[in-house]
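# Structural description and commentary
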Amino acid sequence: MLLALANHGKPFFTQKRIGKNNRIFKVYKFKTMNDARDKAGVLLGDFERLTPVGKFVRKTSLDEIPQLINILKGDMSFIGPRPLLPEYLPLYNSEQLRRHTVTPGISGWAQINGRNSISWQEKFKFDIWYVENQSFLLDLKIFFLTFYRVLVPQGVNSEKAATMEKFNGSN
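Figured I'd write up the structure that's included with this text. The shown structure was predicted, so the numbers you read here are calculated from the model rather than taken from an experiment. (Residues numbered from 1 in each chain as written. Predicted model: local features only at pLDDT ≥ 70, side-chain atom pairs only at ≥ 80, totals over all residues. Heavy atoms only, no water.)

### A closer look at the overall build of the chain
Let me state the cut-off plainly: Helix and strand definitions here come from DSSP, where helices need a minimum of 4 consecutive H or I residues and strands a minimum of 2 consecutive E residues; each element is numbered from the N-terminal end. When accessible area is computed with a 1.4 Å probe and restricted to protein chains, residues below 20% of their type maximum are described as buried, those above 50% as exposed, and intermediate ones as partly exposed. Should any heavy atoms of two residues lie within 4.5 Å, those residues are considered in contact.
What the chain contains, in helices and strands, is 8 helices and 4 strands. Counting helices and strands in the order they occur from the N terminus, the chain gives α-β-β-α-α-α-β-α-β-α-α-α. A buried classification covers 43% of the 171 residues belonging to the chain. Within the chain, contacts between residues separated by at least 24 positions form 66% of all contacts whose residues are at least 6 apart in sequence.

This is the structure we're talking about:
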């Protein structure tokens, strides 16, 4: 209800993401940012658009709840590398592409090890480690550590953005 008020009646957000085997799907989330634009009509930056209720929803990871729809549809799993934007696909090197050999998840190894406060290189390193070590016990560990990270939030935002700065390819 508060998200609908903060976002002028639009509590949900959808965006195309990359899934298993590079298949594009639509991810569902609660909308934590408004659509504020400057005088030229250009969307303002993340920090300017993040609403107060959106900060709380993001900090507590409640914005991820609608992704249960993605799990029911088979696009996502509870655990796996976070699905990223399709515009990043041509920027991946062959090692980074390996993250798409498994189903993406709501939470993953990179999320419990730094979330948005770690570099893209670290994030990919954690994602590939997960792909190489995926097991039921590891998924169970990530599942329970996710709840700890929600209760004791760390790394919700990067230093430069309200979410994570754009991926511009590997150096």
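### With respect to the pattern of salt bridges
Heads up, the rule is: When a carboxyl oxygen of Asp or Glu lies within 4 Å of a side-chain nitrogen of Lys or Arg, that pair is called a salt bridge.
Tallied over the entire structure, the rule returns 10 salt bridges. Between Lys-29 and Asp-63 there is a salt bridge; the shortest N-O distance is 3.5 Å. In this pair, Lys-29 sits in strand β2 (residues 24-30) while Asp-63 sits in the loop between α3 (52-59) and α4 (67-73), placing the two residues 34 residues apart along the sequence. With relative accessibility at 12%, the residue Lys-29 sits in the buried group. The salt bridge partner of Arg-82 is Glu-64, with a shortest N-O separation of 3.2 Å. Separated by 18 residues along the polypeptide, Arg-82 in the loop between β3 (77-79) and α5 (94-97) and Glu-64 in the loop between α3 and α4 bring together distant segments of the chain. Given the relative accessible area of 12%, Glu-64 is considered buried. Within the structure, one salt-bridge network assembled from shared partners comprises Lys-29, Asp-63, Glu-64 and Arg-82.

### Looking at the side chain of Arg-99
Locating Arg-99 in the fold gives a position in the loop between α5 and β4 (105-107). Look past the residues within four positions of Arg-99 in its chain and what remains in contact with it is Pro-81, Arg-82, Leu-84, Tyr-92, Phe-124, Asp-127, Ile-128 and Val-131.

### Considering the packing of aromatic side chains
As a reminder of what qualifies: Two rings from Phe, Tyr or Trp (for Trp, the six-membered ring) form a pair when their centres are within 6.5 Å of each other. A pair whose planes differ by under 30 degrees is stacked, one over 60 is edge-to-face, and the rest are tilted. By definition here, charges over rings are those cases where NZ of Lys or CZ of Arg is within 6 Å of the ring centre and within 35 degrees of the ring normal.
Scanning the entire structure with this criterion turns up 12 aromatic pairs. Relative to Trp-129, the ring of Trp-109 has its centre 4.7 Å away and its plane inclined at 25°; by these criteria the two rings are stacked. With Trp-109 in helix α6 (residues 109-112) and Trp-129 in helix α7 (residues 120-133), this pair connects stretches of sequence that are 20 residues apart. Here Trp-129 falls in the partly exposed class, since its relative accessible area comes to 35%. Taking 5.0 Å as the distance between ring centres and 70° as the angle between the ring planes, the aromatic pair formed by Phe-124 and Phe-167 counts as edge-to-face. Highlighted residues: Phe-124 in helix α7 and Phe-167 in the segment after α8 (136-151), separated in sequence by 43 residues. Judged by its relative accessible area of 4%, Phe-124 falls in the buried class. An aromatic cluster of three or more residues is present, and its members are Tyr-88, Tyr-92, Trp-120, Phe-124 and Phe-167. In this arrangement the basic side chain of Lys-123 is found over the ring face of Trp-120, its NZ or CZ atom lying 5.2 Å from the centre.

The analysis is restricted to geometry; functional conclusions fall outside its scope.
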